[in-house]
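Letter by letter, the chains look like this.
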Amino acid sequence: MDLDTLLSFDWGAMAPEFIILGTATLLSVIDLFMKKETSRKPIAWLTGAGVISALVSVLMQLDHKVTSILFDTYRLDSFSVAFKILMLLGTGLVLVLAASYKKDDIEENRGEFYYLLLTALLGAMMMASSADLITLFVGLELLSLSSYIMAGLEKRDKRSNESAFKYVVSGGIATAITLFGMSYVFGLTGETNLFLIAQNMQDPEILKHGFLLVFAFFITFAGLTFKIAAAPLHMWAPDVYEGAPVPVTAFLSVVSKTAGFVIMLRLIIITFIAAAGIKGDSLLLQVQPYVMVLAAVTMIIGNVTALKQRNIKRMFAYSSISQAGYILVPFVSNSSLMFELIWFYLLAYLFMNIGAFTIIQVLTTQAKSNDISVFRSLFKRSPWLAVPMTIFLLSLAGIPVTAGFVGKFGIFMGALGGQPAHYWLAGVMMVGTLISYVYYFNVMAVMFFRDGEEAKISVPPGLAVVLAFCAVSTVILGIMPELALNFFYGNFDINEFFMRIEDIADHVH
Amino acid sequence: MSSVPLTAYLMLALILFCIGLFGALTKRNAVIVLISIELMLNAVNINLVAFAKYSLFPGLKGQIFALFTITVAAAEAAVGLAILIALYRNRQTVNVDEMDTMKR
Amino acid sequence: MTGEMIAFFLLALTAIAGGVLLINLTNVVHMVVALIFTFLAIAGIYITLSAEFVGVVQVLIYSGAITILMLFGIMLTKHQEQEKKTPRLKVWLTALTIGLFFLIMYGKIKDLNFGQQNVELHVDNTKKIGVELYSHYVIPFELTSVLLLVALIGAIILAKRDADDEKGAKK
Amino acid sequence: MLQMSWLIPLFPLLSFILLLLFRKSVKESTAWIGVLLTWLSLVLSIGVFLAVWHGGGIKVEGTWFQLGKKMITMGYEVNPLNALMLVIVSLVSFLVHIYSKGYMHGDERFPVFFAYLGLFSFAMLGLVLSPNLLQLYMFWELVGLGSFLLIGFYYFKPEAKAAAKKAFIMTRIGDVGLFIGMVLLFWQAGSFEYDEIFASIKNGEIAQNMLTLTAVCIFVGAVGKSGQLPLHTWLPDAMEGPTPVSALIHAATMVAAGVYLVATMYPLFQASHTALTIVAVVGGVTAIFAASVGLMQKDIKRVLAYSTVSQLGYMMLSLGASGYVAGVFHLTTHAFFKALLFLAAGSVIHAVHTQNIEEMGGLWKKLKLTGPLFLIGALAISGVPLLSGFFSKDEILASTYADGKYGLFWLAVIAAFMTAFYMFRLFFLVFTGEPRSTEHSNVKNVHESPSVMTFPMIVLGLLAIVAGYVNTSWFGTFLTDYLAQGPVDLSHAEHHTPVWIPFVATGVALLGILLAYLIYQKKTISRDWLTRVLPSLSDAVYNKWYVDEGYDQTVVKGTRGLSKLGVLFDRYVVEGLVSAVTASVRSLSKFGSRMQDGQVQSYGTFAIFGIVLLLLIVALTGGYFS
Amino acid sequence: MNTWLLTILIFSPLLGVLVLLFIPSSDEKSIKTIGVLGTLFVLGTALVTLSAFDIKGSDLQLTETYRWISYEVFQSKGEVSYPILYEVGINGLSMVLILLTAVVSLLAAIASFSIKQNWKSYFILFFILEVGMLGVFASQNLFLFFIFFELTLIPMFFLIGRWGYLEKEKAAYSFLIYNGIGSAILLIVFVVLFMKTGTMNFDRLAETLALPQAQLDQMFITKSFKMGMLIALLIAFAVKLPVAPLHSWMVRVHVQAPPAIVMIHSGILLKIGAYGLIRFGAGMFPKEFHSLAFVIGLFGVINLLYGAFIAINQTDFKRVLAYSSVSHMGIVLIGLAALNDAGVTGAVFQVVSHGLISALLFFLVGALYERSGTSELKAFGGLAKNMPILAGVLLAGGLASLGLPGMSGFISEFMAFLGLFHKMPILAAVGTLGLILTAVYVLRAVMAITFGSENEQQSGYPDLSSAERIPAFVLLTVILFIGIYPAWLSDMLRPALDAILLGLGG
């Protein structure tokens, strides 16, 4: 195909990605020419500007018609927009954390920190807005690589190095596994476009190899569980979360996780939606119980192991593992509400988790310790930290009048709404939630009941803003989830997710 | 005409994948671990290229996929090594089993 | 027994042999060297699969860049190239698991044959790949460039000695 | 007059409230408030009685609350029986109020005492006025409360505390019986109203065995309150209360409530022969049992208490032997002479500050009034002719005989003999012979009680003499005719008594007195011949046939054991399970964190293992090998 | 005005919170005053509601309905499925319980004067707790009910864990976990019902579930499913009530929590369990409830006797009262099991009366603890001498709780047993044993404190202060009033109960 066909694509659809890419490259250049000593604040502001403008451009795409560039190697539809919003929001908040993250040995790499954040974001966004195996894979890797580096940014901190290394090794293995699975998916269908793959899977020849397909599914799926930190590839999370700088941890636990779910939905659902499994019946239905077991195991491992943690960051790592388990539930309970439920929960999770990590950052950096005791008598020392923290914890525990509750409620609707209703899964989730009460409330107990620790706490203005924002939205979404849901229903039509649209390239061929 | 069957290639890929995996999971030296991961990725590439030729729907896509994989693998290797060096600078060791300050 | 067959078997043998050596050798440098053979053999296999370009790239990047990189890594971190043995039990468990994995997969790929359609992948393979890359796959291609940039920067900032360390070195 | 009868119980209630509120301000003058108010209710009840005597009667009811379709009602009713009771209760209560003025003089909780008296009188009168079982039950319990409070009036005395608790719980056991009977009746007859219940009994709407069951249940209630076997043990202990209380509650009124209950529900009992027999047997056995215990007690009040139990047994016996009138008759007379005896005893105790008869003696000359009055009481209760007790007891014996319950008849006769004996044993030991003074009692210089105390005794004394003449074969059976107006039909109560019965009764009574005289006055027979002849028997009698000990060993210990068992179960099984669960979760979490050993490679191994496991399961469940 | 009345009532305690926010946390006096005034305001609003409430009216009143949350199924865009509404409304039953809540909360607020520290946060939590309780009784759909139900958990956790006695945190946790289990089961049941029927409104649910089986089968609602749901509900509320053997948390809370909070807890929070049983168990699954009646009755009797037997052997007055609560909750079950006017009315009466009585008794325990720093029985004796009023009220409370006629306890026991005797005489007869045991342990405990010879170190204690007399006397008066004139309560309840009984066909 010639140049003008190439140019004739609606490249405007990629505006957000271009903005991020542009900012990233620009910053790398600026950073290069900036003197070592000069503060990197302007870069922070620029990054913020980039993220915000990208967010704006995404919002402007709200009622953009479904667009496909070059056989869906780039694809703009409600799904991508919906989740890109989450990613940009999350990154924006994490950015503030990063900007006010005071640790001297991160200073000389601050600039890199910012634009690595952007490249990671770019990767995530590509994962959200592509329906092509290769693009998804590259996006995934872009995200991963950037995160590896960010995790290791505190070069002089042994923990940071170690976490980065563990991350890169597990990540490498995960990538290999994912690719191995993908290679079969690709091999059997000979296509990289997900829709075409789905098409080719109808081929009678393929049906003969149902088993291989199922294996391919599981291997790919297992590989992807790495990103969302769910069983079986979840064990890296605690160590990496503990070692990485707090903003990075926040990023991993929110944006990266979101991306993980996005690629799962995209890849798994579209690819296998029409695939026949072992005995000819639908593959997705067939694998459901096994994935459910994975979800259940994830919840149990996460919650149970979190009980023993004294290190707050580790505790939150386990908590985020269990949360991944929860979010897997709507994914497998093939409920008709899947997308909004996952979206809403991720939104809620974004607010509560980043909020919590903000406070953790404040306390741990000040106390130079990650032990849970940094929360001692927080209520006395500064109620304005204790109260939001309580809100976040309650939300994470799924107590009413918080976003977390509505999210969990929705997940239950998903799990129990389907036919048949998955009582046992709901049961496991409930048990998990109960166990989680213990460690979430333990933090509260430390904040309210334990005394000692008199040091006053200073909160940087930026963090204060993030805190307020997260806390308020957590409560608002808890009281009026209609806001978010209406936004979702008003702007996104999930049917777009399933329809392949022919683009110019098809006609050229 | 008799040619090498697809299975043979897949088998080879599988074997190499397993070897790579085994290396990545058991070798002590961090460098070897990284390189074993590379081996795994290579195995995947064999799959892709083989499928490109012998699948139901043959085509170049497989080879291109393989190219992307190679590139990514290279980048990963580089970053991995860089991290390793940073770690080595602080810890004076490249033994994977000594990197367990964070546990439980 | 066509020449292709023979070629394949030799190459496959070399590849696997290299892998086995990687596992069994004790000297780190030797391991890497052994692996070079594997990579080269794989490159050969690509050629037999009428993917010359990929084959060449393989030679360049793996047998060239990556292995050298790794050797550098070993040199930089050199203090004992003797690889310590990991505890037996753990090794065996891992081996067992992986063996199981192998068997399961084996059972399903051993009869995976679609025969051969007549497609000339080898006919100006490189040109076609180029065209595809720059048209169909231009987006991931560009994305890859970003990825490489990131890798570059990352590698630098992580690996480079810090200013104050150098000062310390000078003193 | 009848319309105002609802006021009768309210006066005492008023006194209760007033005294409780103003106990600080008004000191001992409170007594007069109580006396005045009880006097009012006495006047009223006499008026009501007269009205009923002239064939009046009234029943007023209003809805208390509504249960679905059914109306639960409250109100008041006056019929011959309870009109009579009204008089008795309010009279005795009035007298006791006066008496207490003197007896409780100087007690720091003087007002509270009168308040409690008021509460009790209110409850008792309310009980009597109740037109339905539910209301009766409620007052029944309140009466129990009053008794509980008054027994425990000396709250600091451990014995009083124990006695009060015992009284409440023992009676509560009976009450539960009544409760069950009442509820069952409700579902049978569809109402708590006496007349509706009687109606449905008459129409045979209730199965025979159900009749028996309910009757027995209700009788259990009566047993509890009237201290019949086997629930009698609380009554003697109840003597820990102040003596006026014993006179009012544990002689004249509350304990008679059991009898009153059976009398009120008489149609029910009549409908079931079994129930009647049970009543009779329990009554008869109690009569002789208690009398036998009374023979050897040393505490003056305890002797009287056991005599009360035995007399109540008489009443039950007669009711059981379809001697309705006789029962009520004896109730009436007994109320007077037993109250008299208690007050007299009280005045003695007041004088000598001891209750142990071994430490008294020779008081006849010192207590010029109390002595004779006590004698009157003793004669009356022993059934010496021409005194009230004689007539009523005679009636009972007659009706028992007429009903063909000969065994019980002879029991009763023997009991009568014993009664005479122990009463006069008491009399002789207390009033005659030499003063046996000890360190903590001065029998030397004692004085007659003040007039506030003697006056009531005199009144009662007169009544104890004359009360018998309301129903005699010689001067006419006023009481029978009067009661015949009531709901109970006494048609078959016309029995011809064998002429010899009165003589037998008189005979045994005199015999008993003679024996007591010989032993305690003349000393011709040594006091402890029984102890020598039959030591085991005498011990048994002295220790009240070991009933209390028996209960301690069985019921009390049993309950304690069960509750201990419960506690253990609660601590080890229930709590144990919980802690087991938590422990398992903890160990699980320990295991989980041990998995997390910081080795990135073992994480990888874990992951691969997981995947392989998954694939294996899929393979196995998916028919991989087929 | 009336259209908003209920919402105003539910959230009226927040006014107190609002005011408190502007009071310096050191200003003890005014904080406590605000606390009392706030609850007083709530009581006032409740009374206004009562005046607006038509006692005779059988159906729901003062209802409010607003659209709240709605999920759309994506196949059918635009059309709302699974709407979750904000629905409140009250019938006689809820009205009574709301009044109870308002009164007990006020008295508890007065009793809270003994709180030693952090009055501000204490009262803020206190008010939030009250919102939760009011909401539970006023809400008309499962979602709202659940939210308020959970809302009571959190403040309780802190109130117990912060202001309790020595083992407060353990108590707080066991409270949290046990009730967590309860609410977890509840949530599952609610969601399942919601997803099957598409509505959360109580009445609509009841109607739907009452449909002929054929129609229900299309909704995948089988008989066994309904039975399962009911059993799950029973378990959930059995935790709250609590029914043995799920009671250990409640004992712990009663012993460890500050008296004022225990007043609320055993006075109202336990009653949520009973309310739920009546409203959901009997209200929505009448047939199944019928078939389970015997089991429920059996558990009732077991509870009654179990609690009583253990109470006999306790040495700590708090524990005695805790187990007596277990025992008394058995009577609620007994009444429900009877499934007739008498029984159900009795159950509700028991709910109210036990609420008042236990509030009174725990208040007195608090007063005693204030003076002596212990609640061990053997530490007391002969209180009647120096503290005649306290002793008197204590005795009265004890008598009330052992069901003395003329006090509210009697009415409920009487009616509950009256009901059960109609259905299962044998069981009921066994149950009456409980009446005796109750007398035994109550007298044992009360007389140990008030009777006997006083030990000297308590001779110094002052009698109830005038501030303390208010709650004591108010409660005692109400108890007596209900005992003497139960009609006003039963009249208010009858329409609501008739509706339920109609469903039960009892």
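Residues numbered from 1 in each chain as written. Chains lettered and ligands numbered in written order. Predicted model: local features only at pLDDT ≥ 70, side-chain atom pairs only at ≥ 80, totals over all residues. Heavy atoms only, no water.

Put simply, the test is: UniProt positions are given in the numbering used here, feature names are shortened, and annotations may be inferred rather than shown by experiment.
Identification of chain E as NADH-quinone oxidoreductase subunit M from Fictibacillus barbaricus is taken from an unreviewed UniProt entry. Database annotation for chain E, UniProt heading Sequence similarities (unreviewed entry): "Belongs to the complex I subunit 4 family."

Labelled according to an unreviewed UniProt entry, chain C appears under the name NADH-quinone oxidoreductase subunit J, originating from Fictibacillus barbaricus. What the UniProt record of chain C gives under Function (unreviewed entry) is the line "NDH-1 shuttles electrons from NADH, via FMN and iron-sulfur (Fe-S) centers, to quinones in the respiratory chain. Couples the redox reaction to proton translocation (for every two electrons transferred, four hydrogen ions are translocated across the cytoplasmic membrane), and thus conserves the redox energy in a proton gradient." Turning to chain C, the UniProt annotation filed under Sequence similarities (unreviewed entry) states: "Belongs to the complex I subunit 6 family."

### Re the overall build of chain C
Our working rule: Secondary structure elements follow DSSP: runs of H or I no shorter than four residues count as helices, runs of E no shorter than two count as strands, and numbering proceeds from the N terminus. Exposure is judged per residue with a 1.4 Å probe applied to protein chains only, and the accessible area is read against the type maximum: over 50% gives exposed, under 20% gives buried, and values in between give partly exposed.
Each helix and strand counted, chain C has seven helices and zero strands in total. With 171 residues in all, chain C has 45% of them scored as buried.

### Observations regarding the UniProt feature "domain: NADH:quinone oxidoreductase/Mrp antiporter transmembrane" (unreviewed entry) in chain E
Following the UniProt record, the feature "domain: NADH:quinone oxidoreductase/Mrp antiporter transmembrane" (unreviewed entry) maps to residues 139-431 of chain E here. Measuring from the first to the last C-alpha atom of residues 139-431 of chain E gives 34 Å, for a span that is 82% helix and 0% strand.

### Some points on the UniProt feature "transmembrane region" (unreviewed entry) in chain C
Residue and element names in this part refer to chain C. The UniProt record annotates "transmembrane region" (unreviewed entry) at residues 6-25, 32-49, 55-77, 89-109 and 137-159. Helix makes up 94% of residues 32-49 and strand 0%, with an end-to-end C-alpha separation of 25 Å. What you have in residues 89-109 is 100% helix and 0% strand, and the ends, taken at the C-alpha atoms, are 30 Å apart.

### Let's talk about the nonpolar core
Threshold: Working definition of a nonpolar core: buried Ala, Val, Leu, Ile, Met, Phe, Trp, Tyr and Cys residues. They are joined through side-chain atoms within 4.5 Å.
Core analysis: the largest hydrophobic core is formed by 803 residues, its most contacted members being Phe375(A), Leu133(D) and Phe145(E). In terms of residue count, the dominant contributor to this core is helix 16 (residues 338-367) of chain A (21 residues).

### Things to note about the interface of chain C and chain B
Counted only if it meets this: Two residues form a contact once any of their heavy atoms are found within 4.5 Å. The salt bridge criterion pairs a side-chain nitrogen of Lys or Arg with a carboxyl oxygen of Asp or Glu, the two atoms within 4 Å. Between N or O atoms, a polar contact is any pair within 3.5 Å; within protein, one atom must be a potential hydrogen donor and the other a potential acceptor, and residues adjacent in sequence are included only when both atoms are from side chains. Amino acids outside the nonpolar list (Ala, Val, Leu, Ile, Met, Phe, Trp, Tyr, Cys, Pro) and the charged list (Asp, Glu, Lys, Arg) are all regarded as polar, and Gly is one of them.
Contact with chain C, which involves 86 residues of that partner, is made by 76 residues of chain B. Joining chain C to chain B, the criterion identifies zero salt bridges. Joining chain C to chain B, the criterion identifies eight residue pairs in polar contact (both at pLDDT 80 or more). If you list the elements that add at least two residues to the side of chain C that touches chain B, you get helix 1 (3-24), helix 2 (28-48), helix 3 (52-76), helix 4 (88-109), helix 5 (125-134) and helix 6 (138-159) of chain C. When residues in the side of chain C that touches chain B are grouped by element, the largest group, 13 residues, is from helix 3 of chain C. Among the residues forming the side of chain C that touches chain B, the class breakdown is 53 nonpolar, 21 polar and twelve charged.

### Some details on unusual backbone geometry
Pro232(A) follows Ala231(A) through a cis peptide bond whose omega is 5°. Mapped onto the fold, Pro232(A) is located in the loop between helix 11 (210-228) and helix 12 (236-243). Here the bond from Leu241(E) into Pro242(E) is cis, since omega is -5°, no more than 30 degrees from zero. Checked against the element boundaries, Pro242(E) lands in the loop between helix 10 (223-240) and helix 11 (248-256). If you check the backbone angles, Leu70(A) has positive phi at about 50° while not being a glycine. By the element assignment, Leu70(A) lies in the loop between strand 1 (67-69) and strand 2 (74-76). The phi angle at Val401(A) is positive, at roughly 65°, despite the residue not being glycine. For Val401(A), the position within the fold is in the loop between helix 18 (383-397) and helix 19 (403-417). Taking the relative accessible area as the measure of exposure, Val401(A) reaches 28% and is therefore partly exposed.

### Considering helix 2 (residues 30-54) of chain B
Residue and element names in this part refer to chain B. What counts is decided by this rule: An expected span of 1.5 Å times one less than the residue number is assigned to each helix.
Taking 1.5 Å of rise per residue, 25 residues should cover 36 Å, and helix 2 covers 37 Å from first to last C-alpha, within 8% of that figure. Extensive coverage of helix 2 is indicated by the burial of 25 of its 25 residues. The N-cap residue of helix 2 is Asn-29: its side-chain oxygen and the backbone nitrogen of Val-31 are 2.8 Å apart.

### Description of the interface of chain B and chain D
So the rule is basically this: Joining two parts hides part of their accessible area as seen by a 1.4 Å probe, and the buried area is that hidden amount summed over both.
Residue-level contacts link 14 residues of chain B with twelve residues of chain D. Summing both partners gives a buried area of about 900 Å² for chain B against chain D, and 54% of it is carried by carbon and sulfur. Summed over the shared surface of chain B and chain D, the result is zero salt bridges. If you look at where chain B meets chain D, you find three residue pairs in polar contact (both at pLDDT 80 or more). Here the side of chain B that touches chain D is composed, by residue class, of seven nonpolar, two polar and five charged.

### With respect to the packing of helix 7 (residues 133-151) of chain A against helix 6 of chain C
Put simply, the test is: Comment: axis = line fitted to C-alpha atoms, over the contacting stretch for helices; angle = value between 0 and 180 degrees taken between N-to-C directions. Should an angle fall under 35 degrees it is taken as roughly parallel, and over 145 as roughly antiparallel, whereas 65 to 115 is taken as roughly perpendicular and any remaining angle as oblique. By the definition used in this description, the sense in which the near helix is turned from the far one sets the handedness, with an anticlockwise turn below a right angle giving left-handed and a clockwise turn giving right-handed.
Helix 6 of chain C packs onto helix 7 of chain A with a crossing angle of 15° between their chain directions and a minimal axis gap of 10 Å. By the angle class used here, helix 7 of chain A and helix 6 of chain C are roughly parallel. Taken as a pair, helix 7 of chain A and helix 6 of chain C cross one another with a handedness that is left-handed. Contacts between helix 7 of chain A and helix 6 of chain C involve Ile134(A), Thr135(A), Val138(A), Gly139(A), Glu141(A), Leu142(A), Leu145(A), Ser146(A) and Ile149(A) on the former and, on the latter, Ile139(C), Pro140(C), Leu143(C), Thr144(C), Val146(C), Leu147(C), Val150(C), Gly154(C), Ile157(C) and Leu158(C). Partitioned by chemical class, the residues of the contact of helix 7 of chain A with helix 6 of chain C number 13 nonpolar, five polar and one charged.

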